[in-house]
Amino acid sequence: MKVVTLRSDALAESEPLSGKPASAMIHIDRVSQRFQTSGRQSHLALSDISLTIDDGAFVSILGPSGCGKSTLLYIVGGFVSPSDGVARVKGKAITGPGPDRGPVFQEFALFPWKNVLGNVMYGLRQQGVKHSEAEAKSRKLLEMVGLKGYENFYPKELSGGMKQRVAIARTLAYNPAVLLMDEPFGALDAHTRTRLQNDLLNIWERDRKTVLFVTHSVEEAVFLSDKVVVMTRSPGRIKVVVDIDLPRPRKRAELLLDARYQKYVVDIEKLIDDTGEDEIHA
Amino acid sequence: MITPRALLQKSAPLLACIGLLCAWQVASLLLNTESFPTALEAIRAVPSILGDKESLVNIGASIRRMAIGLSLAVVFAIPLGLLMGRIKGVASFFNPLLMVIYPVPKAALMPIIMLWLGVGDVSKTLVIFLGVSLPIIYHSFQGGKAVEEKMLWSGAAMGLSSAQRMFRIVLPAALPEILTGCRTGLVLALITMVTSEMIARQSGAGNILFNALDMAQYDTVFAMIMIIGALGIFLDAAFEKLRGSLVRWSKPQHDIPLSFS
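Going along each chain's sequence as written, the residues are numbered from 1 onward. Note on labels: chains are lettered from A, ligands numbered from 1, in written order. Residue-level local features of this predicted model are given only where pLDDT is at least 70; pairs of side-chain atoms are given and counted only at 80 or more, and the full residue set underlies all totals for whole chains, interfaces and linings. For the side-chain quantities, the full set of heavy atoms in the structure was used; hydrogens and water were omitted.

**Re the overall build of chain A**
The helix count covers DSSP runs of H or I at least four residues long, the strand count covers runs of E at least two residues long, and both are numbered beginning at the N terminus. Assigned secondary structure in chain A consists of eight helices and eleven strands. Exposure is judged per residue with a 1.4 Å probe applied to protein chains only, and the accessible area is read against the type maximum: over 50% gives exposed, under 20% gives buried, and values in between give partly exposed. Out of the 282 residues in chain A, the part that is buried amounts to 53%. Here, two residues are considered to be in contact whenever any of their heavy atoms come within 4.5 Å of each other. When contacts within chain A are restricted to residue pairs at least 6 apart in sequence, those whose partners lie at least 24 apart make up 70%. Counting only carbon and sulfur atoms, one obtains 49% of the accessible surface of chain A, whose full area is about 12,800 Å². Accessible areas in this description were obtained via Shrake-Rupley with a 1.4 Å probe; residue shielding takes into account the shown protein chains only.

Below, the structure written as structure tokens:
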């Protein structure tokens, strides 16, 4: 059985993923983020984060709430600019949002005035794709995420799980190189969550986009990812990067019985508990 | 098949009107003063107003001024409110100004405006514009401020520029709130219309009312009040129809169904 590789050095050199030549898709270089709080004080949310994410890798960022993991994702998205350091995508410094990085938020953030089809078509139309073409592609995507027949529904008429399926389809539609998922299943019930995890993996297996996935669920991170980045709180730092060496395609039923999967979960939980103790002693 | 309950609910506004008229009739018969005609007398005076060409021209002029004032306010107030909602600097510049203007009854400005611009259409339209703008600015401001950041981020990731996000995300997302402001504005437009004509007595529905009052034609006074009230109900119902079709996608708002639609 393979031992969990724990690296204290966050600047992990990119390792080739099985069978695929690795190239860096995202490179985060010594990024820090400081927020002004009330008064003249400032809060260091992220401290000296360096991380390289390979093209086609599924990487999760795991940590307690308030560790700045979402902020890190927003920096890669270009929605927030870092106080220090630089983040790059395909070697180019990130200066703002762009269609090469597609976000999926916990809050879904659908356009409520557009129906399901209109939401999914929105990005394509913005990219100048012809209406008929955008519609055909969007219908196909909706079928893929299991929402065939719901094209004319408005977001308010959908359940949380369905809304998130629409949001995923909406982002996949404009074909970003990187998917940025900010606790996408955090607001869903356990059953829906499991189903969406399975479906996300199936979708990902097809085109192997680079995914940066923020979560606070250890099981979710291990089940989905190639690498799990464990963060500490206040200031947010990378504690370790754990390589998840489990075969793909992954089947939930098999994995839950797999001793290696279980050990990853236990080991990472222990790491996070240690993170908690650090706070107490700090 | 309509259930009795649904029928009652549908006819409730009509029943309320009939009830009010009955109460009026009884109160007026009991009081028996000259300045308080009965409901029937007032209703009988309505056709003579609506049948008179000069009165119709007057009422038409009122409605025209109201429409112009309201339209100008909508064109000016919605962009300003949305910009205030999205850009902090714009809000901190205009907020104190609006706070000063808000409590001033706009009709109180009428005498000064008349000094500058005369008693004609321009003054009255300007007062209507002032009266209507503030609630529309305020609601647009709230609506713009409440737009979910993540929705704008999603748009930015699709490649929408900041101007495009303003038009294609902030405006539609804030539309339900904007239209709530417009509805308040519509009612205020009617009120300011009458008060402006009360001060600048030259033409209009308010002028008919106060001329009749001067001449102690109390049935005409009350008939005119009824006509203005009916106009308000009609405009509000028409606007609600429009609003309903524009924001069908939004979560239903639990406001009092103050309309006949």
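**A short note on the domain arrangement of chain A**
Residues and elements named next belong to chain A. As used throughout, domain bounds are those supplied by an automatic or database domain assignment. As assigned here, chain A comprises domain 1 (6-100 + 176-257) and domain 2 (110-175). Summarising the inter-unit geometry, the C-alpha centres of domain 1 and domain 2 are found 25 Å apart. On the domain 2 side, the residues contacting the 15 residues of domain 1 number twelve residues. Here the quantity called buried area is the accessible surface, traced with a 1.4 Å probe, that two parts lose on coming together, added over both. Both sides of the domain 1 and domain 2 interface together cover about 1,200 Å² of buried area, and 70% of this is carbon and sulfur. By salt bridge we mean one thing: a side-chain nitrogen of Lys or Arg within 4 Å of a carboxyl oxygen of Asp or Glu. Where domain 1 meets domain 2, there are one salt bridge. Arg-165 is the partner of Asp-199 in a salt bridge, and the nearest nitrogen-oxygen pair spans 2.8 Å. Mapped onto the side of domain 1 that touches domain 2, the elements with two or more residues apiece are strand E8 (178-182) and helix H5 (190-207). With six residues, H5 is the single largest residue contributor to the side of domain 1 that touches domain 2. Residues that form the side of domain 1 that touches domain 2 fall into these classes: ten nonpolar, one polar and four charged. In this classification, the charged set is Asp, Glu, Lys and Arg, the nonpolar set is Ala, Val, Leu, Ile, Met, Phe, Trp, Tyr, Cys and Pro, and all remaining amino acids, among them Gly, are polar.

**A closer look at the interface of chain B and chain A**
Taken together, the contacts link 21 residues of chain B with 24 residues of chain A. On the chain B side of the contact with chain A, B:Trp153, B:Met158 and B:Trp249 bury the most area, a combined 38% of that side's loss. Seen at the junction of chain B and chain A, the total is one salt bridge. With its nearest N and O atoms 2.8 Å apart, the salt bridge here joins B:Lys150 to A:Glu107. The definition of a polar contact used here is a pair of N or O atoms within 3.5 Å, where within protein one atom must be able to donate a hydrogen and the other to accept one, and adjacent residues in sequence count solely through side-chain atom pairs. On inspection of chain B and its partner chain A, the count reaches ten residue pairs in polar contact (both at pLDDT 80 or more). When residues of the side of chain B that touches chain A are traced back to their parent elements, those giving at least two are helix H7 (149-157) and helix H8 (162-199) of chain B. Broken down by element, the residue count for the side of chain B that touches chain A peaks at seven residues, all from H7(B). Taken together, the residues of the side of chain B that touches chain A break down into eleven nonpolar, five polar and five charged.

**Some remarks on the packing of helix H3 (residues 131-144) of chain A against helix H4 (residues 160-173) of chain A**
All names here are of chain A. The angle between two axes is taken between their N-to-C directions and runs from 0 to 180 degrees, where each axis is a line fitted to C-alpha atoms and a helix contributes only its stretch in contact. Look at H3 against H4: their axes get within 9 Å of each other, and the N-to-C directions meet at 135 degrees. With respect to each other, H3 and H4 are oriented oblique. The handedness of the crossing between H3 and H4 is right-handed. Residues Lys-137, Leu-141, Leu-142 and Met-144 of H3 lie in contact with H4, whose contacting residues are Ala-169, Leu-172 and Ala-173. For the contact of H3 with H4, a count of residues per class yields six nonpolar, no polar and one charged. Reported orientations rely on four angle classes, namely roughly parallel under 35 degrees, roughly antiparallel over 145, roughly perpendicular from 65 to 115, and oblique for the rest. Handedness of a crossing is defined here by the sense of rotation of the near helix relative to the far one, left-handed for an anticlockwise turn of less than a right angle and right-handed for a clockwise turn.

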